[in-house]
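The lines below spell out each chain.
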Amino acid sequence: MSARVVMLGAPGAGKGTQAKRIAELHGIPHISTGDIFRAHLERGTDLGQQVKPFLDAGHLVPDDLVCRIVVHRVREADCVNGYVLDGFPRSLPQAQALQRELNVEGAVLDVAINLAVPDDELVERLAARRSCPKCGRIYNLRFEPPRRNGYCDFEGEEDVALVQRPDDQESTVRERLVVYHRTTEPLLAFYRDTGLLRQVSGSGKSPEEVSAQIEEIFCALGVN
Ligand code: AMP
């Protein structure tokens, strides 16, 4: 059975964590446009240079550029049984581009899950978010701290210091939330109108509790 899933939610809502879990549980690729851009930035590619000013400012990368990357990615062989999109679509033109691509493939989207978390909680979470530069594991210094202060739990003997994403600094976070409310939130209506939207509250819940709610939705939809 296939599962084509879109994860929606503001920055810091926990999309990445949940998208990774869904991908592992259902054996489908996790496609995060933010991760794709950060990997290009790190490698210093042309694309990385192109997107850097947008990421630094907390603004969206232009639609045509993001859409080209995603369309190319979902045509790869590992996506034949589906995928979980994390951070895409983020605007109405992006959602329409995804729909066109699905039409071309004769495929359908199974569900769009919105992780709802109030803004004040998002700001608090993002300020405390850290990640391992090696394995990508995400921690929260308040809610999900590493066992050893400041270091990844999963690198064996090696001390790998956790890092903060530059765009998780408070001023950039505020800008990302403004962009989210202006450009991305309207997508909720788009997916509600097509009957694909499912709401999950991420507020005050552990990642395990949120994951259980998502799996219930999949079960009810017959997606596995
Ligand atoms: P994320 O890791 O999903 O929070 O994305 C980090 C940054 O990458 C965003 O603040 C944007 O600058 C850029 N980005 C990621 N996905 C998209 C998208 N679908 N459309 C435009 N910009 C994006």
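The sections below set out a description of the structure shown in this document. Everything numeric in this text was worked out from a predicted model, so none of it was measured.

A few points about the overall build of the protein chain
Right, on to step 1. Broken down by element type, the protein chain carries nine helices and seven strands.
Right, on to step 2. Relative to the 2.2 N^0.38 estimate, which gives 17 Å for 224 residues, the radius of gyration of the protein chain is 17 Å and therefore close to what a compact globule would have.
Right, on to step 3. In terms of overall dimensions, the protein chain has a C-alpha envelope of 50 × 40 × 35 Å along the principal axes.
Right, on to step 4. Of all 224 residues assigned to the protein chain, the portion counted as buried reaches 47%.
Right, on to step 5. A separation of at least 24 residues holds for 69% of the contacts in the protein chain among residues at least 6 apart in sequence.
Right, on to step 6. Total accessible area on the protein chain is roughly 11300 Å²; 52% of this is exposed by carbon and sulfur atoms.

Points about the site of the ligand
Right, on to step 1. What surrounds the ligand is a group of 17 residues, the closest being Thr33, Arg38, His59, Gly87 and Gln94.
Right, on to step 2. In this structure, Val61 approaches the ligand through a main-chain N or O atom, which is 3.0 Å from a nitrogen atom.
Right, on to step 3. The separation between a nitrogen atom of the ligand and a polar side-chain atom of Gln94 is 2.9 Å.
Right, on to step 4. Taking 480 Å² as the accessible area of the ligand by itself, protein coverage stands at 96%.
Right, on to step 5. Elements with a contribution of two residues or more to the shell around the ligand: helix H2 (33–43) and helix H3 (46–57).

A short note on the packing of helix H6 (residues 119–127) against helix H7 (residues 170–184)
Right, on to step 1. In the contact formed by H6 and H7, the axes pass within 10 Å of each other and the chain directions differ by 140°. The orientation of H6 relative to H7 falls into the category oblique. In the packing of H6 onto H7, the handedness of the crossing is right-handed. Contacts between H6 and H7 involve Asp119, Leu122, Val123 and Leu126 from the first element and Glu170, Val173, Arg174, Arg176, Leu177 and His181 from the second.
Right, on to step 2. Residue classes in the contact of H6 with H7 are distributed as five nonpolar, one polar and four charged.

A short note on the state of the cysteines
Right, on to step 1. Under the counting rule described, the total for this entry stands at zero disulfides.
Right, on to step 2. Here Cys79 is not cross-linked by a disulfide; its sulfur's nearest cysteine counterpart is in Cys67, at 16 Å.
Right, on to step 3. Residue Cys79 is classed as buried on the basis of its relative accessible area, which comes to 3%.

Describing the pattern of salt bridges
Right, on to step 1. The final tally for this structure, using the stated rule, is 16 salt bridges.
Right, on to step 2. Of the charged contacts, one joins Arg38 and Asp35 as a salt bridge, the two residues approaching to 2.9 Å between their closest N and O atoms. Here Arg38 and its partner Asp35 are both found in helix H2, three residues apart, which amounts to about one turn of the helix.
Right, on to step 3. For the salt bridge of Arg129 with Asp168, the shortest nitrogen-to-oxygen distance reads 2.9 Å.

What about the packing of H2 against H3?
When two helices pack together, their arrangement is given by the angle between their axes and by how far apart the axes lie.
Right, on to step 1. Direction vectors running N to C along H2 and H3 enclose 115°, while the axes themselves pass 8 Å from each other. Helix-helix and strand crossings are classified by hand; for H2 and H3 the assignment is left-handed. Across the interface between the two elements, Phe37, Arg38, His40 and Leu41 of H2 pack against Leu47, Gly48, Val51, Lys52 and Leu55 of H3.
Right, on to step 2. Here the residues of the contact of H2 with H3 are counted per class, giving five nonpolar, two polar and two charged.

Notes on unusual backbone geometry
Right, on to step 1. Along the chain, Phe88 connects to Pro89 via a cis peptide bond; the corresponding omega equals -5°.
Right, on to step 2. Within the fold, Pro89 resides in the loop between strand S3 (82–86) and helix H5 (92–105).

Let's talk about the nonpolar core
Right, on to step 1. Val6, Leu8, Tyr83, Leu85, Leu98 and Tyr191 are the most contacted members of the largest nonpolar core, which has 30 residues in total.
Right, on to step 2. Among the elements of the structure, strand S1 (3–9), H3, helix H4 (63–74), S3, H5 and helix H8 (186–193) are those that each provide at least two residues to this core.
Right, on to step 3. Ranked by residues supplied to this core, first place goes to H4 with six residues.
Right, on to step 4. Leaving out residues up to four positions away in the same chain, Tyr83 has contacts with Ala3, Arg4, Val5, Ile28, Pro29, Ile31, Val74, Leu98 and Leu102.
Right, on to step 5. In this structure, Met7, Ile28, Val84 and Val200 belong to the second largest nonpolar core, which totals 26 residues.

Cut-offs used in this document
- Residues numbered from 1 in each chain as written.
- Predicted model: local features only at pLDDT ≥ 70, side-chain atom pairs only at ≥ 80, totals over all residues.
- Heavy atoms only, no water.
- Helix = DSSP H or I, 4+ residues; strand = E, 2+ residues; numbered from the N terminus.
- Rg over C-alpha atoms; globule rule 2.2 N^0.38 Å.
- Buried < 20%, exposed > 50% of the residue type's maximum accessible area, 1.4 Å probe, protein only.
- Contact = heavy atoms within 4.5 Å.
- Areas by Shrake-Rupley, 256 points an atom, 1.4 Å probe, with all protein chains shown as cover.
- Near = heavy atom within 4 Å.
- Polar contact = N/O pair within 3.5 Å; in protein donor to acceptor, adjacent residues only side chain to side chain.
- Axes fitted to C-alpha atoms, helices over the stretch in contact; angles between N-to-C directions.
- Parallel < 35°, antiparallel > 145°, perpendicular 65-115°, else oblique.
- Left-handed = near helix turned anticlockwise from the far one by under 90°.
- Nonpolar A, V, L, I, M, F, W, Y, C, P; charged D, E, K, R; others polar.
- Disulfide = S-S within 2.5 Å.
- Salt bridge = Lys/Arg side-chain N within 4 Å of Asp/Glu carboxyl O.
- Core = buried A, V, L, I, M, F, W, Y, C linked by side-chain atoms within 4.5 Å.

Interpretation in functional terms is not warranted from these geometric data alone.
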